[in-house]
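Spelled out from the first residue to the last, the chains are:
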Amino acid sequence: MKYLFVHQSFPGQYLHIVRHLVRQGGHEIVFISEDNANVIAGVRRVRYGLPRTAAEQAHPGVREFDVGLMRADAVARSAETLKKLGFTPDIIIGHHGWGELLNIQDVYPDVPILGYFEFYYHTDAGYDLNFDPEFPTNPQTLPLVRAKNCINLLALTNPGYGQTPTLFQKGAYPAWAQEKITVLREGVDLERCKPKPALFKKVTSVSGISIKPKQKLITYVSRDLEPYRGFHVFMRALPYVLAQEPDAQVVLVGSDGVSYGAKLLSGCWRDILVRELGERLDLSRVHFVGKVEYEDFLTLLQRSDAHVYLTYPFVASWSLREAMAIGCALVGSDTAPVREFLTDGETGLLVPFHDPERIAHGILRLLQDKTLAQALRRAARVQAERTLCLKTYLADYDALIAQVIAHHTAERRAHGQGTPVPAKRKKIAPPKKNPPLVKGVGRKKRSG
């Protein structure tokens with residue numbers, strides 16, 4: 001088969017499926033993206049660039065849309081070149097978030113498009129906006145948040161099929177759009193992400209930090225150390241934890257930028273929280289290691305006595321999936337994205353996001369109750385094996401691609417060869433081997 005992938009940052013969410021297709025052999029795989037140094041053998045790269053940044057004189061609500069339309073134009077031009085060179089894919093797979101797929105239907109009107117729908121922005125309760133009372137939203141920004149859905153809405157009304165990795169993310173989209181989106185749960189390499197009990201019996205060194213066998217290790221991981229991932233409330237929980245566990249060490253993985261939410265005018269959240277906590281925080285036992293190599297990341301989680309994952313009602317991180325696969329003893333925020341992965345008292349401990357004291361008590365329970373911690377570790381690993389297996393994910397991905405192509409072909413025949421497929425279409429059933437992560441989680445469930 002011939003595959004065309006589109007994602008501004010190659011390979012993005014498509015690392016595993018692209019490698020899988022390369023291993024299968026017999027496919028022609030082309031990937032349109034912006035330039036970067038990443039390489040996957042067997043994949044042909046087509047790079048594009050943007051002619052300018054967003055227009056400064058434009059209304060703030062349309063600047064992101066402006067860049068999205070430029071990306072759509074650039075990708076369409078790249079696709080036109082491919083078509084002139086004789087390349088017509090059997091399917092186009094790409095991420096809708098940056099607008100890159102908006103015009104590709106004009107180049108390949110008879111090719112099915114499987115687009116990744118990541119998040120639909122809300123100004124109502126139950127999602128990230130105004131979730132944290134510490135950071136109230138300026139009412140003047142509400143129209144700007146709604147305007148962020150311009151690309152989403154165009155993508156939803158364009159021809160094509162959709163996928164998203166969780167029920168929470170699907171439920172964020174309007175009810176009329178959800179029939180177009182299939183939940184395809186992202187998998188984890190269970191052979192690489194697995195428990196390693198031997199690490200608890202020897203000195204473990206990662207990023208220059210040595211953890212002795214009897215020392216307690218608390219871990220926290222985020223792309224950036226910021227409020228969206230609960231960095232501020234985690235830090236405020238640490239003084240009490242460290243006072244109760246005088247030998248415990250804390251390792252935080254993450255950069256000092258801001259991936260989500262408002263940017264800081266100056267400085268970083270790490271400095272802000274260190275200043276706020278002052279002498280109450282024993283910095284000799286709190287280690288900020290920044291970004292780490294993947295093997296070091298795995299080692300930290302494999303050695304962790306208590307791993308903390310907190311998030312606003314927003315897209316769940318891949319690190320939560322990896323922590324479950326490794327069999328971490330988890331403390332998670334009692335927010336909708338986390339509840340889809342963890343069940344309180346069975347596969348982890350869920351605590352109120354806004355309550356540093358409850359977070360601290362959750363951590364201490366895991367550090368002090370070895371029987372509970374071991375039970376949660378085993379259950380988290382079993383849950384990952386049941387619902388987050390990479391091999392199952394890839395098989396389900398193959399099945400979804402086949403369904404999309406078959407359904408698209410049937411519609412073309414029903415409407416006449418070469419006739420564009422209408423935007424509204426029959427729902428494609430999710431893969432049968434992909435059960436819900438937690439029993440009773442509904443497609444329209446909302447919580448915050």
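Residues numbered from 1 in each chain as written. Predicted model: local features only at pLDDT ≥ 70, side-chain atom pairs only at ≥ 80, totals over all residues. Heavy atoms only, no water.

**Student:** So what exactly am I meant to see when it comes to the sheet that holds strand β15 (residues 349-351) here?
**Tutor:** The strands making up a sheet are joined through hydrogen bonds of the backbone, oriented either antiparallel or parallel. The six strands lie next to each other as β12-β11-β10-β13-β14-β15, forming an open sheet whose pairing is parallel. Taken across any chain shown, the strands that pair with only one partner, and hence form the sheet edges, are β12 (286-290) and β15. This sheet shows a mean twist of 20° between the axes of neighbouring strands, independent of strand direction. When strand β11 (residues 249-255) meets β12, the two strands line up parallel, connected through four bridges. Paired with V251 across the two strands is H287, which belongs to β12. Across the sheet, helix α8 (residues 231-244) is in contact with β10 (217-224), β11, β12 and β13 (306-309); its angle to β11 comes to roughly 165°. (Pairing = 2+ DSSP bridges. Helix = DSSP H or I, 4+ residues; strand = E, 2+ residues; numbered from the N terminus. Axes fitted to C-alpha atoms, helices over the stretch in contact; angles between N-to-C directions. Contact = heavy atoms within 4.5 Å.)

**Student:** Whenever I open this one, the nonpolar core confuses me. Can you help?
**Tutor:** It is characteristic of soluble globular proteins that their nonpolar side chains tend to be buried jointly. Core analysis: the biggest nonpolar cluster contains 57 residues, and I218, F234, I363 and L366 have the highest contact counts within it. The element that contributes the greatest number of residues to this core is α8, accounting for eight residues. Of all hydrophobic cores here, the second largest spans 31 residues; its members include L190, A323, L330 and L388. (Core = buried A, V, L, I, M, F, W, Y, C linked by side-chain atoms within 4.5 Å. Buried < 20%, exposed > 50% of the residue type's maximum accessible area, 1.4 Å probe, protein only.)

**Student:** Got a minute to help me understand the pairing of β11 in this structure?
**Tutor:** Put simply, side chains in a regular strand alternate between the two faces of the sheet. Counting buried positions along β11 gives seven out of seven residues, so the element sits mostly inside the fold. Going residue by residue along β11, you find Q249, V251, V253 and S255 tucked away on one face and V250, L252 and G254 tucked away on the opposite face as well. One ladder, built from six bridges, connects β10 with β11; its direction is parallel. Note on β11: the bridge partner recorded for Y220 is L252.

**Student:** Where do I start with the confidence of the model for the protein in this structure?
**Tutor:** Detailed reading of predicted coordinates is not advised where the pLDDT is low. For the protein, the mean per-residue pLDDT works out to 93, and 93% of the residues sit at or above 70. Segment residues 419-426: pLDDT under 50, and 19 contacts once partners within four positions in sequence are set aside and those in other chains are kept. Throughout residues 433-448 the model reports pLDDT below 50, and contacts reaching past four residues in sequence, or to other chains, amount to 43 contacts. (pLDDT = per-residue confidence, 0-100.)

**Student:** When you look at the state of the cysteines in this model, what are you seeing that I'm missing?
**Tutor:** Think of a disulfide as a covalent bridge from one cysteine sulfur atom to another cysteine sulfur atom. All chains considered together, the criterion is met by zero disulfides. There is no disulfide at C193, and the cysteine sulfur nearest it, in C328, is 9.8 Å away. On the accessibility criterion, C193 (1% relative accessible area) is buried. (Disulfide = S-S within 2.5 Å.)

**Student:** Where do I start with the sheet that holds strand β5 (residues 113-116) in this structure?
**Tutor:** Read across the open sheet, the seven strands follow the order β3-β2-β1-β4-β5-β6-β7; overall the sheet is parallel. Strands with a single pairing partner mark the edges of an open sheet, and in this sheet they are β3 (43-48) and β7 (181-183). The average angle at which neighbouring strand axes cross in this sheet is 20°, direction not considered. Pairing between β5 and strand β6 (residues 161-164): three bridges, direction parallel. Within β6, the position partnered with Y116 by the bridge is Q163. Against the sheet, helix α2 (residues 60-84) touches β1 (2-6), β2 (28-34) and β3, its axis set at about 135° to β3.

**Student:** So what exactly am I meant to see when it comes to the environment of D35 here?
**Tutor:** On the secondary structure map, D35 appears in the loop between β2 and β3. Leaving out residues up to four positions away in the same chain, D35 has contacts with R45, R47 and Y48. A distance of 2.7 Å separates a polar atom in the side chain of D35 from a polar atom in the side chain of R47. (Polar contact = N/O pair within 3.5 Å; in protein donor to acceptor, adjacent residues only side chain to side chain.)

**Student:** Hey, could you run me through helix α15 (residues 390-415) in this one?
**Tutor:** Residues spaced three or four apart along an α-helix point in a common direction, a consequence of the helix completing one turn every 3.6 residues. Taking 1.5 Å as the rise per residue, α15 with 26 residues should run 38 Å; its terminal C-alpha atoms sit 37 Å apart, in good agreement. When α15 is considered as a whole, its buried residues turn out to be L390, Y393, L394, D396, Y397, L400, I401, V404, H407, H408, E411 and R412. At its buried positions, α15 is contacted by β1, α1 (15-24), β4 (91-95), β5, β6 and β7. Just past α15, the residue G416 takes up positive phi, approximately 100°. (Expected span 1.5 Å × (residues − 1).)

**Student:** Looking at this model, I keep getting lost on the environment of F117. Mind explaining?
**Tutor:** Positionally, F117 belongs in the loop between β5 and α4 (142-147). Between the C-alpha atom of F117 and that of L156, which follows or precedes it by 39 residues, the distance is 9.0 Å. If sequence neighbours within four positions are ignored, F117 has contacts with H96, N152, A155, L156, G162, Q163, T164, Y173 and I181.

**Student:** What should I look at first to understand the pattern of salt bridges in this one?
**Tutor:** Where charged atoms of side chains with opposite charge meet at close range, the side chains can pair. Enumeration according to the criterion identifies 16 salt bridges in this entry. The partner of D35 in a salt bridge is R47, with the nearest N and O atoms 2.7 Å apart. Here the residue D35 occupies a position in the loop between β2 and β3, and R47 occupies one in strand β3, the gap between them amounting to twelve residues. A residue is classified by how much of its surface remains accessible, and D35, at 58% relative accessible area, is exposed. A residue is classified by how much of its surface remains accessible, and R47, at 42% relative accessible area, is partly exposed. The residue R270 makes a salt bridge to D256 at a minimum N-O spacing of 2.7 Å. Linking R270 in helix α9 (residues 269-277) with D256 in the loop between β11 and α9, this pair joins segments that are 14 residues apart in sequence. Relative accessible area serves as the criterion here: at 25%, R270 is assigned to the partly exposed category. (Salt bridge = Lys/Arg side-chain N within 4 Å of Asp/Glu carboxyl O.)

**Student:** Sorry if this is basic, but what is going on with the packing of aromatic side chains here?
**Tutor:** In this description, a pair of aromatic rings is defined by centroid distance and the angle of the planes. For the coordinates displayed, the defined rule picks out 23 aromatic pairs. Ring centres 5.5 Å apart and planes at 75° place the aromatic pair F117 and Y173 in the edge-to-face group. Here F117, found in the loop between β5 and α4, pairs with Y173, found in the loop between α6 (167-172) and α7 (175-178); they are 56 residues apart in sequence, far enough to count as distant. Judged by its relative accessible area of 1%, F117 falls in the buried class. Looking at Y173, the relative accessible area reads 1%, which means it is buried. Judged by centre distance (5.4 Å) and plane angle (80°), the rings of F135 and W269 are edge-to-face. With F135 in the loop between β5 and α4 and W269 in helix α9, this pair connects stretches of sequence that are 134 residues apart. Classification of F135 as partly exposed rests on a relative accessible area of 28%. In this structure an aromatic cluster arises from ring pairing among F119, Y121, Y127, F131, F168, Y228, Y260, Y312, F314 and F353. (Phe/Tyr/Trp six-rings, centres within 6.5 Å; stacked < 30°, edge-to-face > 60°.)

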